[in-house]
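Descriptive analysis of the structure
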Amino acid sequence: TANIALNYYVGQDNVGSSDVKFSSFGFGDMYVQPIWLTWNKTKFSTTFSYGIWMPTGKYELNSTDNIGLGYWSHNLRVASRYKPSAPWAFTGALTLEINQQQKGAEFTEGPHVSLDYAASYNFPKGHEIGMFGFGTWQGDNDKGEKAINTADRILGVGVYGSYWIKPGK
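As a convention, each chain's residues are numbered from 1 in the sequence order in which they are written. Local features in this predicted model are restricted to residues of pLDDT 70 or higher, and side-chain atom pairs are both shown and tallied only at a pLDDT of 80 or more, whereas totals for entire chains, interfaces and linings draw on every residue. The basis for every side-chain value is the complete set of non-hydrogen atoms in the structure, without hydrogens or water.

**Topic: the overall build of the chain**
Quick reminder of the rule: A helix here means a DSSP run of H or I that spans at least four residues, while a strand means a run of E at least two residues long, and both kinds are numbered starting from the N terminus. Three exposure classes are used, based on accessible area relative to the maximum for each residue type with a 1.4 Å probe and protein chains only: buried under 20%, partly exposed in between, and exposed over 50%. Contact between two residues is taken to exist if any of their heavy atoms lie within 4.5 Å; hydrogens are not considered. In these tables, accessible area is a Shrake-Rupley quantity obtained with a 1.4 Å probe, and a residue counts as shielded only by the protein chains included in the view.
Each helix and strand counted, the chain has 1 helix and 9 strands in total. Residues classed as buried in the chain amount to 23% of the 169 residues present. Across the chain, the fraction of contacts at a sequence separation of at least 24, relative to all contacts at a separation of at least 6, is 50%. Carbon and sulfur atoms make up 60% of the accessible area of the chain, which totals about 11900 Å².

Here's what the structure looks like:
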């Protein structure tokens, strides 16, 4: 990661005088979603789900080759879709992420709230255009020895399109 490279180069007296070689291979943390409930109407559908990230990936405190994050993370999500007419669709989702203490460290990442949204138009032969966006906000500061007192905030927006060379295939 960039953080590993930065830590490496900041700590060197003569940049490039040492070799750093490491690699990681394995399974990361596992996500299980035991609850997924959906309610459908003609033009509107809503889903509620609960999922959990389990720390099954390799994680050792201060290791440079971790694959997992070393903590449990609970995700509660509500998502809805509205289709006012056949070609149009509008979707939105709200997610709350609650994290537990990291293994071997006095550190708990703050909770996050995420909002995802999109609008799309489907043409008669299956071609599609749309726009999407997202935002993630950290609801409270991290806690513990590695805590950062600046809350995370990520925003994004984009557009997309699809064109079928052979319509419907």
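There's plenty left to go through after this.
**A look at the sheet that holds strand β7 (residues 128-138)**
Spelled out, the test is: Each pair of strands is called paired provided DSSP finds at least two bridges between the two strands. Only the contacting stretch of a helix is used when fitting its axis, a line to C-alpha atoms as for every element, and angles between N-to-C directions run 0 to 180 degrees.
Spatially, β1-β2-β3-β4-β6-β7-β9 is the arrangement adopted by the 7 strands of the open sheet, whose pairing is antiparallel. Unpaired on one side and paired on the other, β1 (30-40) and β9 (153-162) mark the two borders of the sheet. Each adjacent strand pair in this sheet contributes to an overall mean axis angle of 10°, direction not counted.

**Some points on the pattern of salt bridges**
The cut-off we apply is this: What makes a salt bridge here is a side-chain nitrogen of Lys or Arg within 4 Å of a carboxyl oxygen of Asp or Glu, nothing more.
Applying the stated criterion across every chain, the model contains 3 salt bridges. Between Asp65 and Lys58 there is a salt bridge whose closest N-O contact spans 2.9 Å. Residue Lys58 is classed as partly exposed on the basis of its relative accessible area of 32%.

**Some points on a nonpolar patch on the surface**
Under the convention used in this document: Only residues whose relative accessible area exceeds 30% and that form no salt bridge enter a patch; like-charged residues are grouped when within 9 Å of one another, and nonpolar side chains (Val, Leu, Ile, Met, Phe, Trp, Tyr) when within 5 Å.
Residues Leu76, Leu94, Leu96, Ile98, Val113, Leu115, Tyr117, Met131, Trp137, Leu155, Val157 and Val159 make up a contiguous nonpolar surface patch of roughly 1000 Å² in combined accessible area. Mapped onto the nonpolar patch, the elements with two or more residues apiece are β4 (88-99), β6 (112-122), β7 and β9. Considering the arrangement of structural elements, one finds Leu96 in strand β4.

**Points about the packing of aromatic side chains**
Note the threshold: Here a Phe, Tyr or Trp ring, Trp counted by its six-membered ring, pairs with any other such ring whose centre lies within 6.5 Å, and the pair is stacked when the planes are under 30 degrees apart, edge-to-face when over 60, and tilted otherwise.
In the structure shown here, the tally under the stated rule is 5 aromatic pairs. Look at Trp88 and Tyr121: their rings are 4.9 Å apart centre to centre, the planes differ by 65°, and that puts the pair in the edge-to-face class. Of the two residues, Trp88 sits in strand β4 while Tyr121 sits in strand β6, which places them 33 residues apart along the sequence. Judged by relative accessible area, Tyr121 falls into the partly exposed class, the value being 23%. Centroid distance Tyr121 to Phe123: 4.9 Å. Interplanar angle 75°. Geometry classified as edge-to-face. Phe123 sits in the partly exposed class, given a relative accessible area of 34%. Three or more aromatic residues joined by ring pairs form one cluster here, namely Trp88, Phe90, Tyr121 and Phe123.

**Some details on the confidence of the model for the chain**
Filter applied, for reference: Scored from 0 to 100, pLDDT reflects the predictor's confidence in each residue.
With 85% of its residues at a pLDDT of 70 or more, the chain has an overall mean of 87. Taken element by element, the chain is modelled with least confidence in helix α1 (residues 2-10), mean pLDDT 51, and with most confidence in strand β3 (residues 73-82), mean pLDDT 98.

**With respect to the environment of Phe90**
Here Phe90 is to be found in strand β4. A residue is classified by how much of its surface remains accessible, and Phe90, at 36% relative accessible area, is partly exposed. Between the alpha carbons of Phe90 and Phe132 there is a distance of 9.7 Å; along the sequence they are 42 residues apart. Look past the residues within four positions of Phe90 in its chain and what remains in contact with it is Ser80, Arg81, Tyr82, Pro84, Ala118 and Ala119.

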